[in-house]
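Overview (structure and organization)
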Amino acid sequence: MLSQNTIDIVKSTAPLIAQAGPSLTAHFYDRMFHHHPELKDIFNLTHQNTGRQREALFNAVYGYAANIDNIEVLLPVVEKIAQKHTSFNITAEQYQIVGMHLLATIDELMSPGQEVLDAWAEAYGLLATVFINREEEIYQQKEQQIGGWRGTREFTVLEKKPESNVITSFILAPTDEQPVVDYQPGQYIGVYLNSEKLENQEIRQYSLSDAPNGKTYRISVKREENGVASNFLHDEIQVGDRLQLAPPAGDFYLNSQPNSPVALISAGVGLTPMLAMLESLKESHQSSISWLHAADNIDRHGFKAHLDTLTEQIDHLNQYVWYKEGQVDNAFSGLMDLSQIQDHIDWQRTDFYLCGPVAFMQHVAKQLVGLKVSETQIHYECFGPHKVL
């Protein structure tokens, strides 16, 4: 436990952290990568270049300082980050590196004095211990399950299949031909890419897009315009190639009772975790399933034929589609507008799962709140650094 003096000092520095803004975390990352360039093989440098990771870390640092006297409110964020860290195989030694450069950054930018630095060192040490212990629990849990492992494991690409003009699926099987650990529908898997064509190792988390089967995994990847990893997968990885994977992880997953209505809401490649949920629900779920999806146009609509077939086969599955561009039969035009299906969903009883661009999820969440949907019924996943809707 932290001393009251430490709590008071750290909390009193929260306004200084807020004033520094993301420039604090920008300085931190620049400093750390200068001294430890090997960490560029772990961090997503695309998110560094766009500022998304720096903003996310700033929010985390400020949130910790502002709530250090009420750590319980941070526990959901701790779990989300710990799950993500296990897909990167983060170690206790790396926490020491981060702590050293975080304290040095505070000292260099703020010169707050030794008492403040000592308080932050104590506070960071406690937080690091919480993460290290939780992540070790996750590592052991995955390792001990049937088909589980720790670290990375080699998989072979069995199939590569286009699902739209921007999304391609990869079916992956372990090279050792042994079982693979099951996962909760909605979780992701860590994919490690190494090649002479890449400046650094690239690690990405891709949602598993099918129901667990104990034998293979499927990921469905959108080609991003400037995406180093996605373009490498689309252009370079072929059937028979081998990839290193970390075990499935993530705190966003299907968690609804069989008799509860479920709505799966997505945009673009955000449909991938929803597909895993749908494939897991389709035969056993006892209540209605609503599939709501938004795409730029019909050519970018992933898995369209498969979803149309499922809708025909499953009586309690209803599909609603919005295209931003073009007029298509059986689809709405423009942005997703829930008022257009207001009479088709029991808004107060349904569990809602959202995935897609942050702006899209904010747009949908605002409509759900306007329809008197409780926040406890809304569950969502951000691809990349987390943001609160």
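Before reading further, recall that the structure is shown in the block above.
The text that follows walks through the structure, step by step, so that each part is easy to find. Starting from 1, residues in each chain are numbered consecutively following that chain's sequence as written. Per-residue local features of the predicted model are confined to residues with pLDDT of at least 70, and side-chain atom pairs are confined, for both listing and counting, to 80 or more; whole-chain, interface and lining totals are unaffected and use all residues. Side-chain calculation: all heavy atoms of the structure are included, whereas hydrogens and water are not.

Turning next to the overall build of the chain. When helices and strands are counted, the chain shows 12 helices and 12 strands. Each of the three principal axes of the chain carries a C-alpha extent, and together these read 70 × 50 × 40 Å. A buried classification covers 50% of the 389 residues belonging to the chain. Here the contacts in the chain between residues at least 6 apart in sequence split such that 74% fall between residues at least 24 apart. A 1.4 Å probe and the Shrake-Rupley method give the accessible areas. Residues count as covered only by the protein chains that appear here. Carbon and sulfur atoms make up 49% of the accessible area of the chain, which amounts to about 18,400 Å² in all. For the chain, the centre of its 28 positive side-chain charges and the centre of its 49 negative side-chain charges are spaced 4 Å apart. Here a helix means four or more residues in a row that DSSP labels H or I, a strand means two or more in a row labelled E, and each is numbered from the N terminus. Partly exposed describes any residue whose relative accessible area lies between the buried limit of under 20% and the exposed limit of over 50%, with all areas from a 1.4 Å probe on protein chains only and scaled to the type maximum. In this analysis, two residues are considered to be in contact whenever any of their non-hydrogen atoms come within 4.5 Å of each other. For this count, His and the chain ends are skipped, Lys and Arg are scored as positive, and Asp and Glu as negative. Lysine's charge is taken at NZ, arginine's at CZ, aspartate's at CG and glutamate's at CD.

Another point: the packing of helix H1 (residues 4-12) against helix H8 (residues 114-144). Interaxial angles span 0 to 180 degrees and are taken between N-to-C directions of axes, which are lines fitted to C-alpha atoms, for helices over the stretch in contact. Look at H1 against H8: their axes get within 9 Å of each other, and the N-to-C directions meet at 105°. For the element pair H1 / H8, the angle class is roughly perpendicular. Across the interface between the two elements, Asn 5, Thr 6, Ile 9 and Val 10 of H1 pack against Glu 115, Val 116, Ala 119, Trp 120, Glu 122 and Ala 123 of H8. Classifying every residue of the contact of H1 with H8 by side-chain character gives 6 nonpolar, 2 polar and 2 charged. The scheme is simple: roughly parallel for angles under 35 degrees, roughly antiparallel for over 145, roughly perpendicular for 65 to 115, oblique for anything else. Three classes are used, and their members are as follows: Ala, Val, Leu, Ile, Met, Phe, Trp, Tyr, Cys and Pro are nonpolar, Asp, Glu, Lys and Arg are charged, and the others, Gly among them, are polar.

We now examine the sheet that holds strand S3 (residues 188-193). Here, a strand pair is defined by DSSP locating no fewer than two bridges between the strands. With antiparallel pairing, the 6 strands of this open sheet are ordered in space as S4-S3-S6-S1-S2-S5. With one partner strand each, in any of the chains shown, strand S4 (202-207) and strand S5 (217-222) form the two edges of the open sheet. Pairs of neighbouring strands in the sheet enclose a mean axial angle of 40°, with direction left out of account. As paired strands, strand S2 (residues 167-174) and S5 are joined by 6 bridges and run antiparallel to one another. Within S5, the residue paired with Ile 167 across the bridge is Lys 222. On the sheet, helix H9 (residues 228-235) packs against strand S1 (153-162), S2, S3, S4, S5 and strand S6 (242-249) and is oriented at approximately 80° with respect to S4.

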